[in-house]
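# Topology and contacts: notes
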Amino acid sequence: MIVPKNLPDQDVRIKIACRLDKPLNMKHCGHLFAIGKSVWKKWKRRYFVLVQVSQYTFAMCSYKEKKSEPSEMMQLDGYTVDYIEAASANLMFGIDLNGGRFFFNAVREGDSIAFACDDENECSLWVMAMYRATGQSHKPTPPITQDKNSAMSKIQGDADKARKHGMEDYISADPCTFDHASLFKTLQNLTLEYRLNDPYASLGWFSPGQVFVLDEYCARYGVRGCYRHLCYLSDLLDRAEKQHMIDPTLIHYSFAFCASHVHGNRPDGVGSITHEEKEKFSEIKERLRQLLEYQITNFRYCFPFGRPEGALKATLSLLERVLMKDIVTPVPPEEVRQMIKKSLETAALVNYTRLSAEAKIEEDLRGELIVPPPKKLEDLIHLAELCVDLLQQNEEHYGELRKQDNKKDKIKTIKEGSGDGTGLPSDGRFDGGSTVAGASSSLGNTSMDQGTLDVTTAATNTDGAPPFRYCMPTHAVYTSPVPTAFAWFSDLLVEHAEIFWSLFAVDMDRVLSEQAPDTWDSFPLFQILNDYLRSDDNLRNGRFHQHLRDTFAPLVVRYVDLMESSIAQSIHKGFEKERWETKGINAALNPAALNNAAQALNTAALNPAALLSGKKDQVNFYVPKLPKRTAAAAAGAAAGCVDEMRNGCATSEDLFWKLDALQSFIRDLHWPDAEFRQHLEQRLKMMAVDMIEQCIQRTDTSFQSWLKKNVAFISTDYIIPTEMCAMVNVILDAKNQSFKLTTIDGIDLYKFHARIDDQIDKANVAMTQGLSGKLMSVLESTLSKLGRYDEGSLIGSILSFTNVSSSGKDLGQGYVNFFRNNMDQIRGKIGDDLWTLNFFDQWYSQQINMLSTWLSERLDHSLHYAQVTSISHIIKKIYSDFELQGVLEDKLNSKAYQTVIQRMTAEEATCALTMPDVADGDLNCDDMRNGDEEDGGEGGESGAHASRSMPKPKIGAAQAAAVTNVVAGRVGNLLGKGIGGLSSKLGSGGWF
């Protein structure tokens, strides 16, 4: 590949992976030596490929290096393949064929080819491949060579091997002239070294064959059993000190055997020991004690995850045995406890030192490098997580979970006397897994004393299950897990954990002291530690738990103080600048804004210091995540749905979110002190009540001011502002949020919810009354305009004289459009459907009652036909539209509605009798208008059809009514100007 000169990176490389599949027609391939008469006339090594040319035709091809075409080839038709000897091949071609060990040939009449390779298996593969290719009837069989003098050859071979390794001198030497003790020591050491290098774990146990050889050597040459076990112990300790895993049960067995000789407490009364063996025993005992102390101190690393199973428990049992002064007198329990206590105290320091090095906290605190405080705190939190994991592992693999069976599970280390005087199981096997058949014969007349380890009770469970034998090739039996190692010393393990946490507390106090004031990044540290400590029965309310509580209590109090102040200021500033735009979870279906909000919530939490400085959206602790949008909501957002959840204004949403986040955060702390926890709960609930009260008061004040803004504007063009709908949503959202924010688990423990709920209800009633009053004023204005047609009034006489009818219908249709627009506004902008339905019920009842009252005032007078048509139109549309909005039938058909319907039916009949032409014309006009509303785009055609179907007299009456309407308008203007201010006294708008 050539790299262009203008490319910045001149070291560009392309890695190409090639995959070469075996061709289907290639049956076999490889290097062979070959020589023939017609082809391959020279004996040398070539690369051959057996190729299938067609279904029944095969060819043997040879290739040269880097050549794709064969250099020579031979078709196998008519050839027969078989094995041959090297001598036959040499004789066949008359030369020495050097270079191959295994020969075969392919023979045909007049031609013969010999092949050879260095591997017997490869030779067989070639022969079978060519056998299948030739299709011959005779199947080749490999030659069988038998040596008649095989036994003599074997003997001769053994003699040669012995001579090669220099063993003939030992075979012919006098055994009495050798120091067999030192020789056995070397033999046993080499045997153990070989055994530990096995591919499977032996844990120091010899295999049955090795035990047999060692036993035979001791029995033949008189090696003392005590000396044998002392050497074995020394070798095992050497490996254990080099971090090899050695089974403690094996060490226990050999130590007990040697101790019985040293202390002279053998059951058969026969025991002897040399001064050298006694001194060596004392030296091994001290080494063993130091090793056990080291293993207990580093129990996590010597026995990772409690493995091998039962090893640590056997180590503790062995420690108790080593500390015994003699074979009979048991060691005082307090002495064992003191040693284990000392080891676990040191283990706490060792474990913490390793963990702190892993978390790099020591580098942060050493001062060699300048590390910023946030980085130190981050490393400290990571260290806390590691510490929690470590102690949980200790509890799971080394600690005690059940205390009731300690005495039953404790291992017996002294057996007072066994039936056969050996202390061994009757089958001759030790529980460690090594078969020791023949051990008694190798020890001569010596036998185990009463101090020998009772392996049956040491490694079996209380149910009498067979012992578990570690990694042995035979007799491997599984047992259920034994109780954890420190089950006898659970209080010491608890003290170990307290010391461990005390070391952590030193670093924690130092790191926290270096943090800037009023920063809250340390709260996750408290949550990690407190969640672990409160779940542990032994560490709950312990020394470190109390220290942790005392350290973070001032931070929590300061945090709540700043949050209260910041929320109060955000309410004050927020309502001053509030634009009363509807906000909510889905108020603005903007994925970018939603993602930004989710990231702000999930990455941090509220920072009171930042909030006080004006950055009220900055967050700095863990808070509850926003609820995920459902699939339906997400699909609706993608489709551009406008049906959104309305949860109040921006300030109220911010307030309720902050209060809920603060309470959730304090609740998730799970403060260990119940009294302080209750104090925090009560304070937060009281804070929520105060903040919600301020929110309600500010909202109610703003609502009343908005009602007064348009007090002079009373027209059917009026629509409730979206700002007022947002204020109603704030009150409704406050009612929904107050139950969660002022109660504890749904219980109003401090009676805060009853207090705030009463205030919310009062504000809700005031808003409902103000809103309904504003809407009813429009109906009142409309009815006042219709009142100009009353009998006996000057204007009514003029309007009757001029025969004006269309103005009344326009008033009715204008009011219908008014309440329809406001119903859509309320239904679309206010999110509580129950509140909307109740408001529609009240509004409907108030409208019907006002219409009934207006008609009752005119019982003694008949209505003008304009009043009749307008009121009838309003009544019909009110009933149908409010029925569509969900108002129930019993509320629609109220007594007031029945009264209005009866009166209007009578008035319509009167108009039909007294003014039939005008009434019919009006009816046709209504039908035409209704047809236009229903047909929509086909309104022109429908109107034309209606006008064509109207009789000519009725058309003339309608045209005359339209002309008189214009005349009446002009007369009204003249009268309004001539009569000083009469129009302003009779109504707020024009007369017509």
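Cut-offs used in this document
- Residues numbered from 1 in each chain as written.
- Predicted model: local features only at pLDDT ≥ 70, side-chain atom pairs only at ≥ 80, totals over all residues.
- Heavy atoms only, no water.
- Helix = DSSP H or I, 4+ residues; strand = E, 2+ residues; numbered from the N terminus.
- Buried < 20%, exposed > 50% of the residue type's maximum accessible area, 1.4 Å probe, protein only.
- Contact = heavy atoms within 4.5 Å.
- Areas by Shrake-Rupley, 256 points an atom, 1.4 Å probe, with all protein chains shown as cover.
- Pairing = 2+ DSSP bridges.
- Axes fitted to C-alpha atoms, helices over the stretch in contact; angles between N-to-C directions.
- Salt bridge = Lys/Arg side-chain N within 4 Å of Asp/Glu carboxyl O.

## Section: the overall build of the chain
In terms of helices and strands, the chain carries 37 helices and seven strands. Taking all 992 residues of the chain together, the buried fraction comes to 44%. Once local pairs closer than 6 in sequence are excluded, the contacts in the chain between residues at least 24 apart make up 73%. Taken as a whole, the chain presents about 52,200 Å² of accessible surface, with 54% of it coming from carbon and sulfur.

## What to know about the sheet that holds strand 1 (residues 26-36)
Across a sheet, strands are paired by hydrogen bonds formed along the backbone, either parallel or antiparallel in direction. In space, the seven strands of this open sheet follow the order 4-3-2-1-7-6-5, with antiparallel pairing throughout. Two strands in the sheet have a free side with no partner beyond their single neighbour: strand 4 (72-75) and strand 5 (80-84). Neighbouring strand axes in the sheet, compared pairwise and without regard to direction, differ in orientation by 35 degrees on average. Note: strand 2 (residues 44-52) against strand 3 (residues 58-63), six bridges, orientation antiparallel. Note on strand 3: the bridge partner recorded for Val 51 is Ala 59. The sheet contacts of helix 1 (residues 86-93) involve strand 1, strand 5, strand 6 (102-108) and strand 7 (111-117), and relative to strand 7 the element is tilted by about 140 degrees.

## Examining the pattern of salt bridges
Scanning the model with the defined rule gives 33 salt bridges in all. Put simply, Asp 379 and Lys 375 hold a salt bridge, and the shortest N to O gap is 2.9 Å. Of this pair, Asp 379 and Lys 375 both sit in helix 14 (residues 373-397), four residues apart, which is roughly one turn of the helix. Bridged by salt links that share partners, the residues Asp 238, Glu 241 and Arg 287 form one connected network.

## Section: unusual backbone geometry
For the bond from Arg 307 to Pro 308, the omega torsion is -5 degrees, close enough to zero to count as cis. Looking at the secondary structure, you find Pro 308 in the loop between helix 10 (299-302) and helix 11 (311-322). Phi at Trp 40 is positive, roughly 50 degrees, even though this residue is not glycine. When you line up the elements, Trp 40 lands in the loop between strand 1 and strand 2. Phi at Asp 518 takes a positive value of approximately 60 degrees, unusual for a residue other than glycine. Looking at the element boundaries, Asp 518 is found in the loop between helix 18 (490-513) and helix 19 (523-535). Residue classification places Asp 518 among the partly exposed residues on the basis of a relative accessible area of 28%.

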